[in-house]
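Reading the structure
So you can see what is in the structure, the chains are spelled out below.
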Amino acid sequence: MAQALLEGVGVSKHFGGLTVLRQVSFRVSEGEIVTLIGPNGAGKTTLFHLISGLHRPSAGSIRFELSELVGRSPHTICRMGIARTFQTPRPFVDLTVSENVAAAGRFAGRPPLAPPEELLALVGLAEHAGVLSRHLPAGWRKLLELAMALALGPRVLLLDELLAGLTPAEVDRATALLRRIRDRWGLTLFWVEHIMRAVMGIADRAIVLHHGEVIADGPPRAVAGDPRVLEAYLGYKGGNDHGN
Ligand SMILES: Nc1ncnc2c1ncn2[C@@H]1O[C@H](COP(=O)(O)OP(=O)(O)OP(=O)(O)O)[C@@H](O)[C@H]1O
Ligand SMILES: [Mg+2]
């Protein structure tokens, strides 16, 4: 198997007595698009918080190339080449769209993937460069965060529900854009998404979390038909026992 670029081994997270992640292991190879799916509350965002250093795992190891990430600060992890977008976007609301991208670029400590104007054009926000971020609709704030993440010069992008809040046409455009981003810069995408139609079409692999455990990991089509995954999403047990 190819060397994993990003790898977690036996990752657990407890909040007090609540176990949110239990012995989660995953591998993401360079240039792969891997989607992380699972019902609400499965632990997806928490796993991203652990990878990006916002929270520390209760147990386990997370490695980028061969470097241990556990114990490093979020800004160190970012400067190592792992950038993320948030489920609830957090741009600087008193800065304009282009000022936000420029600010991210200054923070980076790595060369941006392209100049700010080009990144804004790429995500479709060039015409809104001068708008204060507080006036952007929620879906567009996510696209702004994508441009900000690209300004950090990442090798890995962690995307947390990037498509939520976009119209169906915008979802299609953003999905095609992410594929182009991967192809153009060889980026690796680890992507939490609830819009299955979009994400399952472009992912190389899907990992399914349910109640904090990995219940499936494989090609999207196989995962979508896995009885345990259907049960997690639909409460569907399969088989012929109509009594259930
Ligand atoms: N700081 C925290 N303290 C206590 N419990 C937490 C904390 N953060 C998350 N949780 C709990 O952990 C569980 C997983 O939350 P998480 O946000 O990771 O789920 P998710 O898979 O991202 O869900 P969604 O699809 O709704 O975004 C939830 O039950 C949540 O309430
Ligand atoms: Mg979440």
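The notes below deal with the structure included here. (Residues numbered from 1 in each chain as written. Chains lettered and ligands numbered in written order. Predicted model: local features only at pLDDT ≥ 70, side-chain atom pairs only at ≥ 80, totals over all residues. Heavy atoms only, no water.)

**Description of the site of ligand 1**
By nearness alone, 13 residues border ligand 1, and Gly41, Lys44, Thr45, Thr46 and Gln87 come closest of all. A distance of 2.7 Å separates an oxygen atom of ligand 1 from a polar side-chain atom of Lys44. Of all the secondary-structure elements, those providing two or more residues to the shell around ligand 1 are β2 (18–29) and α1 (44–51). Among the elements that take part in the shell around ligand 1, α1 stands out by supplying three residues, more than any other. (Near = heavy atom within 4 Å. Polar contact = N/O pair within 3.5 Å; in protein donor to acceptor, adjacent residues only side chain to side chain. Helix = DSSP H or I, 4+ residues; strand = E, 2+ residues; numbered from the N terminus.)

**A short note on the environment of Phe15**
If you trace the backbone, Phe15 turns up in strand β1 (residues 4–15). Placed 43 residues apart in sequence, Phe15 and Ser58 show a C-alpha to C-alpha distance of 8.9 Å. The contact partners of Phe15, leaving out residues within four places of it in the chain, are Val20, Thr46 and His55. (Contact = heavy atoms within 4.5 Å.)

**Section: the coordination of the magnesium ion (ligand 2)**
Coordination sphere of the magnesium ion (ligand 2), protein contribution only: Thr45 (OG1) and Gln87 (OE1), at 2.0 to 2.2 Å. With Thr45 in helix α1 and Gln87 in the loop between β6 (82–85) and α3 (97–108), this pair connects stretches of sequence that are 42 residues apart. Residue classification places Gln87 among the partly exposed positions, given a relative accessible area of 35%. (Donors = N, O, S within 2.8 Å, 3.2 Å for Na, K, Ca; no water. Buried < 20%, exposed > 50% of the residue type's maximum accessible area, 1.4 Å probe, protein only.)

**Concerning the packing of helix α5 (residues 138–151) against helix α6 (residues 168–185)**
Contact geometry of α5 with α6 gives a least axis separation of 12 Å together with a crossing angle of 10 degrees. The pairing of α5 with α6 is recorded here as roughly parallel in orientation. Together, Trp140, Leu143, Leu146 and Leu150 of α5 and Glu170, Ala174, Leu177, Leu178 and Ile181 of α6 make up the contact between the two elements. Within the contact of α5 with α6, the residues separate by chemical class into eight nonpolar, no polar and one charged. (Axes fitted to C-alpha atoms, helices over the stretch in contact; angles between N-to-C directions. Parallel < 35°, antiparallel > 145°, perpendicular 65-115°, else oblique. Nonpolar A, V, L, I, M, F, W, Y, C, P; charged D, E, K, R; others polar.)

**Here we look at the sheet that holds strand β3 (residues 33–37)**
Taken in spatial order, the six strands make up an open sheet running β6-β7-β8-β3-β9-β10, and their pairing is mixed. Across the chains shown, the open sheet's two edge strands, defined by having one partner strand only, are β6 and β10 (213–218). In this sheet, neighbouring strand axes are inclined to one another by 15 degrees on average, regardless of whether the strands run parallel or antiparallel. Judged from the four bridges that link them, β3 and strand β9 (residues 205–210) form a sheet pairing that is parallel. Note on β9: the bridge partner recorded for Thr35 is Ala206. On top of the sheet, helix α9 (residues 227–234) reaches β3, β9 and β10; it is set at about 130 degrees to β10, its chief contact. (Pairing = 2+ DSSP bridges.)

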